[in-house]
Amino acid sequence: MWRLIQRFYGGTILNATISMYAYATIEPRDDGKIILNTTDKGERYEYGSAGSLDIDGKLILHKGVYNRIVKDFTKKPLSFELTTFVDAPPGSGLGTSSTLVVTILGAFTEWLRLPLGEYDLAKLAYEIERVDLGMAGGKQDQYAATFGGVNFMEFSRDDKVIVNPLRVNQKYLDELSYNIILYHTETSRLSSKIIEQQSFNVTNKNEKRSRRCTT
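Residues numbered from 1 in each chain as written. Predicted model: local features only at pLDDT ≥ 70, side-chain atom pairs only at ≥ 80, totals over all residues. Heavy atoms only, no water.

## Some remarks on unusual backbone geometry
In the Ramachandran plot, Leu59 falls in the positive-phi region, its phi being about 50 degrees despite a non-glycine side chain. By the element assignment, Leu59 lies in the loop between β4 (43-48) and α2 (60-74). Positive phi, close to 55 degrees, is recorded for Arg113, a residue that is not glycine. Mapped onto the secondary structure, Arg113 falls in the loop between α3 (96-112) and α4 (118-132). Under the relative-accessibility criterion, Arg113 is labelled exposed at 74%. (Helix = DSSP H or I, 4+ residues; strand = E, 2+ residues; numbered from the N terminus. Buried < 20%, exposed > 50% of the residue type's maximum accessible area, 1.4 Å probe, protein only.)

Rendered as structure tokens:
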């Protein structure tokens, strides 16, 4: 829904990150293989080196990043082993997908020495999730994961994003942290499906209003 609102109106948000992380390690190979590992999920897949990996429901975030790296930068297949781990469980509502995409992009950036700054990483992560993979959602998770800390973010209708870091006194952050409990309910949900329904509701409501105004 945020993506739809941002497209129509722009907007601003106040965002704070927590001390939970995603990790990614890339080990170059010379045997023409691509190996994808997730130590938190216990999944491992092996592929032949190719310019594009099929988005078949298995580790689509890992594959989405790889496909974009080849398309935009290397222009040729790579051979490597990618291992990832995320502190927070998937479907927890803590932006794990976006954080993982940003982390994998960061690993490729270090390995290949790509000319990508923080804004570049966040924008590319957004495009991979929302455009390439068609996952519904907004922009704040990618920018929050990239910049970290407490930020006031501005989103304009022309896709311009400004991240304003806030200098909050540490004692206030400590007090906030002391008074917040993060509790795992052992349930998960796919936020993209929820956002798709919300976006449909908003669009349908706007169309009804438009019809009323023009009749």
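## Focus on the sheet that holds strand β5 (residues 80-86)
Ordered in space as β2-β5-β3-β4, the 4 strands form an open sheet in which the pairing is mixed. Pairing within the sheet leaves two strands with one partner each, and these edge strands are β2 (22-28) and β4. Taken over all neighbouring pairs, the strand axes of this sheet differ in orientation by 10 degrees on average, direction set aside. Note: strand β3 (residues 33-38) against β4, 6 bridges, orientation antiparallel. From the neighbouring strand, Asn37 faces β4, where its bridge partner is Arg44. Sheet strands touched by α3: β2 and β5. Its angle to β2, the strand with the most contacts, is close to 35 degrees. (Pairing = 2+ DSSP bridges. Axes fitted to C-alpha atoms, helices over the stretch in contact; angles between N-to-C directions. Contact = heavy atoms within 4.5 Å.)

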